[in-house]
Amino acid sequence: MRTDDTPFGDAAPPSALAGIRVVEIGSLEATSYCAKLFRDMGAEVLKLEPAEGDPLRRSPPLIAASGGSAHFAWLNAGKQAAVLPQDPAAQAAYLAKALAWADVLLDARASDPAGAERLRAAHPHLLVVSMSWFGRSGPYASFQGSDAVCRALAGLVKLAGPVEGPPGMLPDHQASVHAGLCAFTAAVAGLISERPEREFEVSVFEAAAVLQQHPASDARYRGGVERRIGADKSPHLYPLGVYPCRDGWLGLSVGNLKMWRAFCDVFGFHDWAADPELELRVNRIARMAEMDRRIAARVKEKTAAEWFEITRARRLPIVVTPTMGELLSQAAHRETGAFAEIEAGDASFQAPATPLRLSLTPPLRRGRAPGLRPLPPPDAPARRPPLSAPSAETRPLAGVTVLDLSMGWAGPLATRQLADLGAEVLKIEACAYPDWFRPSLTDKPRPHEQNPPFAVMNRGKLAAAVDMYRAEGIAVIRDAIRRVDAVVENFAADVMPKLGLSYDEVRRLNPRVVMLSMPAFSGHSAWRSVRAYGTTLEHASGLPLVAGGPGEPPMLSHTAYGDPNGGLNGAAALVAALFHQKHTGQGQHIDLSQVQAMLPLAANAMIEQSLTGAVTRHGAHHPLHAPHGVFRSRGDDAWIVVTVTDDRHWPALCVALGRDDLAARPELATARGRRAAADELHAAVSAWTAGRPPGEAMHALQAAGVPAGVATRPSEIYDDPHLHARGYWQEVDRAWTGPQLMPSAPFRERGAVYPIVRPAPTLGQHNRLILCERLGVPEATLDELLAAGVCGDDVPAAG
């Protein structure tokens with residue numbers, strides 16, 4: 001096991017990124033999470049800190065015996081940590097030696113484009129990822145940021161919580177996890193390109209916005225619902241919720257008509273099954289209060305574990321929603337490596353393991369938190385001369401080909417990340433069974449081309465329509481597998497084996513291929529066949545019992561948190577495996593449990609459970625920052641997030657509020673004192689924000705130097721001035737829908753967004769390009785496949 005006592009140069013355990021050297025500098029949780037991913041996938045990480053240490057060393061939960069931060073220990077286990085000299089000249093010399101040693105710099109210091117250019121000139125071998133709350137340009141570039149502020153501005157707060165408000169908000173770090181994943185994906189892609197002088201920029205705000213691209217596009221272009229309908233509810237599914245059982249909690253997600261009928265049969269609601277009006281979700285939601293009472297009463301008749309076994313047999317997306325204590329004891333996770341053992345001083349605890357489960361090169365699952373001490377700078381290794389700078393058109397994954405068999409949100413988002421980085425993604429679906437994101441309830445021509453979220457998740461790809469359920473179609477898929485670098489699928493666990501495409505068979509066809517599977521629970525667990533929506537994944541992670549305050553009902557934090565979260569983790573896993581493939585020629589299987597991918601979002605609750613045997617629900621407050629919360633503003637359902645993340649913000653807030661009396665109280669000068677008066681301070685901030693529109697309040701507070709952000713609806717990110725100023729939105733003209741705004745990738749290179757090269761493909765749009773040009777199928781054979789209905793470019797007529 002690697003510890004903080006391991007000298008530089010010792011061999012790391014065999015892993016995907018063994019031999020890569022990373023320097024992390026600056027204090028930003030997203031940067032630390034990105035560096036954590038590098039370390040857990042085998043890279044050597046040197047964390048450079050000021051003499052007083054990274055402020056995250058004081059982040060709760062704390063270890064009782066030492067007072068040290070268990071959260072910091074989880075983020076940094078296995079890294080080396082070194083104190084930077086305080087003298088500017090000595091510090092510059094130390095940093096120069098450290099960067100000469102490194103392959104990658106993860107930089108969270110405030111910098112400008114000129115500074116980045118000087119850094120590249122001094123260290124041309126170095127791949128640089130600059131990370132910040134809002135990026136180096138745009139109206140928010142000088143804003144004070146926080147995880148909560150970024151989530152609010154990205155539309156990730158307003159639609160959570162009770163109907164009447166206030167919106168609900170998890171305490172912290174979820175957006176930072178997603179920004180870390182995006183940065184890791186870009187950085188490893190840059191390493192794959194063997195042009196290390198690349199420089200990427202990732203902002204936490206733009207990474208957070210990725211999670212709302214589906215509901216945002218649905219609302220903007222199709223009039224989707226954007227309102228809170230209950231703390232554990234979403235307008236996209238019903239029945240939906242977390243219900244108390246005779247013992248435990250049960251998370252219900254019921255989607256299509258087939259599931260609705262099976263749900264009614266299992267729970268004995270035969271009158272509902274016989275009512276044709278209730279076949280429509282909108283009608284069920286209209287009767288939600290009445291139906292919820294009956295569901296709650298019925299669910300209490302059995303334990304959550306009993307209901308889970310009954311509904312699992314009927315393949316319903318219904319799961320136990322565990323407490324953190326129950327989650328840590330679940331065999332489906334313990335037996336498949338979901339938890340890491342973290343050591344910090346004399347203490348040890350369990351925490352979420354990195355969920356990128358590569359079969360040949362799995363992530364490390366043990367680590368010791370680094371101490372803080374002076375270390376001599378590492379010696380630079382021998383290097384080959386740097387390559388010439390890549391042309392602007394050359395993206396990191398140019399030359400990589402991915403066969404995308406996935407549908408919906410998670411898998412397509414994973415492959416879209418790779419397409420944005422230059423991979424050629426070949427999307428395969430069948431005319432009779434197209435991607436389930438295609439259909440749209442509309443009377444427009446080609447309704448299967450009208451769904452905005454499909455266009456958002458699949459831009460930049462090529463597509464062919466091939467019926468995988470016919471022998472001729474499977475022959476095409478098998479031939480494609482022989483020619484690609486990676487295969488991505490998110491079918492139910494038994495589908496690929498039934499098609500003769502188990503991983504063992506895929507490996508036989510192409511030993512160097514990387515295959516990503518995205519089950520809810522690990523494919524090696526007893527629960528591998530559980531079906532899931534994004535809400536199911538959140539239910540099974542235990543997150544709803546962490547969100548909200550003491551005594552409050554469980555709360556969903558997103559309309560389908562597990563889907564985009566799974567996609568970002570899938571992309572990160574793919575590039576790690578592709579890096580290993582490039583350097584060894586070895587393929588491998590990635591078993592990405594999407595429930596386990598959710599666990600880092602609940603890391604602090606899991607750590608607290610492991611350390612103390614209990615979890616604190618913080619509700620409107622924060623375990624460290626005060627004041628902190630979602631505050632009502634002037635206007636209809638108008639809210640703003642305000643959070644004092646540093647004692648230096650407190651006097652500025654008092655000035656903005658006009659509260660000299662609060663500024664004069666010495667006990668409020670520290671976060672500890674303010675937390676003791678949290679309710680009083682919440683009321684003071686509320687009184688001020690209530691008289692101002694949220695945008696006006698945000699700008700006034702930010703001008704004073706206080707972190708604040710409007711809690712927006714998802715669709716409002718389309719009008720965000722910062723995103724527009726940074727070129728985040730690109731207009732793309734697509735057949736059947738016309739021009740629409742498409743979001744850029746959450747990473748940019750040398751300050752510029754990657755242009756979107758093509759719109760999302762129409763069904764079967766590239767049949768000839770993929771089959772004939774890429775796979776070598778003769779034109780005459782394709783014509784036969786088209787005539788036989790194995791291939792096509794339209795859904796079959798009903799009837």
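Since we're looking at a predicted model, the values are computed, not measured. (Residues numbered from 1 in each chain as written. Predicted model: local features only at pLDDT ≥ 70, side-chain atom pairs only at ≥ 80, totals over all residues. Heavy atoms only, no water.)

## Some points on the packing of helix α31 (residues 767-774) against helix α32 (residues 779-787)
- With their axes 10 Å apart at the nearest point, α31 and α32 run at an angle of 140° to one another. Of the possible angle classes, the one that applies to α31 and α32 is oblique. Where α31 crosses over α32, the two elements pack in a sense that is right-handed. Here Asn-767, Arg-768, Leu-771 and Cys-772 of α31 lie close against α32, whose contacting residues are Glu-779, Leu-782, Asp-783, Leu-785 and Leu-786.
- Here the contact of α31 with α32 is composed, by residue class, of five nonpolar, one polar and three charged. (Axes fitted to C-alpha atoms, helices over the stretch in contact; angles between N-to-C directions. Helix = DSSP H or I, 4+ residues; strand = E, 2+ residues; numbered from the N terminus. Parallel < 35°, antiparallel > 145°, perpendicular 65-115°, else oblique. Left-handed = near helix turned anticlockwise from the far one by under 90°. Contact = heavy atoms within 4.5 Å. Nonpolar A, V, L, I, M, F, W, Y, C, P; charged D, E, K, R; others polar.)

## Observations concerning the sheet that holds strand β8 (residues 249-253)
- Read from one edge to the other, the open sheet built from three strands follows the order β7-β8-β9, with strand pairing classed as antiparallel. On the outer flanks of this sheet lie β7 (240-244) and β9 (318-321), each paired with one strand and no other. Here the average twist between neighbouring strands, direction ignored, is 25°.
- In the packing of helix α21 (residues 534-541) onto the sheet, contacts are made with β7, β8 and β9, and the angle to β9 comes to roughly 25°. (Pairing = 2+ DSSP bridges.)

## Digging into the nonpolar core
- Ranked by internal contacts, the top residues of the largest apolar core, which has 205 residues, are Leu-17, Phe-38, Phe-184 and Phe-263.
- Looking at this core element by element, the count peaks at 13 residues for helix α6 (residues 174-192).
- Residues contacting Phe-184, with those up to four places away along its chain left out, are Leu-17, Cys-34, Leu-37, Phe-38, Met-41, Leu-356, Ala-572, Val-575 and Ala-576.
- In this structure, Ala-464, Val-487, Ile-770 and Cys-791 belong to the second largest nonpolar core, which totals 35 residues. (Core = buried A, V, L, I, M, F, W, Y, C linked by side-chain atoms within 4.5 Å. Buried < 20%, exposed > 50% of the residue type's maximum accessible area, 1.4 Å probe, protein only.)

## Considering the pairing of strand β10 (residues 339-344)
- β10 sits mainly inside the fold: five of its six residues count as buried.
- Two elements, β10 and strand β11 (residues 347-352), share six bridges in a ladder whose sense is antiparallel. Considered in β11, the bridge of Glu-343 is made with Ser-348.
- Between β10 and β11, which pair antiparallel in sequence order, lie two residues; one of them, Gly-345, sits at a positive phi of approximately 60°.

## Focus on the sheet that holds strand β5 (residues 127-132)
- The strand order across the open sheet built from seven strands is β3-β2-β1-β4-β5-β6-β24, with neighbouring strands paired in mixed fashion. Every interior strand has two partners, whereas the edge strands, β3 (80-83) and β24 (748-749), have only one.
- Where strand β4 (residues 104-107) and β5 come together, four bridges link them in parallel fashion. Its bridge partner being in β5, Leu-105 is matched across the sheet by Val-128.
- Across the sheet, helix α1 (residues 29-40) is in contact with β1 (21-25), β2 (44-49), β4 and β5; its angle to β4 comes to roughly 155°.
- Of the strands in this sheet, β4, β5 and β6 (199-203) are in contact with α6, which crosses β5 at around 165°.

## Observations concerning unusual backbone geometry
- In this structure, Pro-166 follows Gly-165 across a cis peptide bond, with omega equal to -5°.
- Among the structural elements, Pro-166 can be located in the loop between α5 (147-153) and α6.
- Pro-627 follows Ala-626 through a cis peptide bond whose omega is -5°.
- Its place among the elements puts Pro-627 in the loop between α24 (603-612) and β19 (628-632).
- One non-glycine residue, Asp-637, adopts positive backbone phi at about 50°.
- Within the fold, Asp-637 resides in the loop between β19 and β20 (639-643).

## Quick word on helix α25 (residues 649-657)
- Along α25, the positions that sit buried rather than exposed are His-649, Trp-650, Ala-652, Leu-653, Cys-654 and Leu-657.
- Where α25 is buried, its residues touch α26 (660-663), α27 (671-676), α28 (678-689) and α29 (694-704).
- After α25 finishes, the residue Gly-658 shows a positive phi value of roughly 70°.

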